[in-house]
Amino acid sequence: MLKQATFLTLSLLATSAMADGSDGRDDSDQLPQHPYQYGMQLDVQKVISVTPRPQSCDVAPATMIYVDSHGDTQRLDYLVMGDCLGS
């Protein structure tokens, strides 16, 4: 249940990133990588970009670039289930 809530939260953050008009371009390769760990507390004030979900039934790596409450840009790497229905 908590895993589903985490996935839903990350999905909603992705939707808000698209809604704010961001163009998806970022310098994510220059940011330190922070792999998501189960139960991790996230400090997300603004989502800059999110990797699109793959159009397959596989689990794939994804990245979210965001600004935290201190104004620092962060990179979060996590796994996401592909969109099986879209393929």
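Residues numbered from 1 in each chain as written. Predicted model: local features only at pLDDT ≥ 70, side-chain atom pairs only at ≥ 80, totals over all residues. Heavy atoms only, no water.

Draft legend 1. Quick peek at the overall build of the chain. Looking only at helices and strands, one finds one helix and four strands in the chain. In the chain, the order of α-helices and β-strands from amino to carboxyl end is α-β-β-β-β. Out of the 87 residues belonging to the chain, those deemed buried represent 29%. Expressed as a percentage of contacts within the chain between residues at least 6 apart in sequence, the contacts between residues at least 24 apart total 55%. For the chain, the accessible area works out to roughly 6000 Å², and carbon and sulfur atoms hold 55% of it. (Helix = DSSP H or I, 4+ residues; strand = E, 2+ residues; numbered from the N terminus. Buried < 20%, exposed > 50% of the residue type's maximum accessible area, 1.4 Å probe, protein only. Contact = heavy atoms within 4.5 Å. Areas by Shrake-Rupley, 256 points an atom, 1.4 Å probe, with all protein chains shown as cover.)

Draft legend 2. Just the side chain of D68, in detail. Residue position: D68 is located in the loop between β3 (59–67) and β4 (73–81). A distance of 2.9 Å separates the side chain of D68 from the backbone nitrogen of H70, its partner in a polar contact. A distance of 3.2 Å separates polar atoms of two side chains, one belonging to D68 and the other to Q74. (Polar contact = N/O pair within 3.5 Å; in protein donor to acceptor, adjacent residues only side chain to side chain.)

Draft legend 3. Expanded view of the confidence of the model for the chain. Overall, the prediction assigns the chain a mean pLDDT of 77, with 66% of residues at 70 or greater. The weakest mean pLDDT in the chain belongs to helix α1 (residues 2–19) at 50; the strongest belongs to strand β2 (residues 46–50) at 96. The model gives residues 15–26 a pLDDT under 50, and that stretch makes 11 contacts with residues more than four places away or in other chains. (pLDDT = per-residue confidence, 0-100.)

Draft legend 4. Focus on the pairing of β4. Summarising the sheet, strand β1 (residues 33–35) and β4 pair through three bridges and their orientation is parallel. When the sheet's bridge partners are listed, P35 is paired in β4 with D77. Of the strand pairs in this sheet, β3 and β4 are connected by nine bridges, and their pairing is antiparallel. Note on β4: the bridge partner recorded for P61 is L79. Taking the residues between adjacent antiparallel strands as the criterion, β3 and β4 are bridged by five residues, where G71 takes a positive phi near 85°. (Pairing = 2+ DSSP bridges.)

Draft legend 5. Geometry of the state of the cysteines. As enumerated under the stated definition, the model contains one disulfide in all. Across the disulfide, C57 is cross-linked to C84 (sulfur-sulfur distance 2.3 Å). Taken together, the positions of C57 in the loop between β2 and β3 and C84 in the segment after β4 put the pair 27 residues apart, joining distant regions of the chain. For C84, a relative accessible area of 29% corresponds to the partly exposed category. (Disulfide = S-S within 2.5 Å.)

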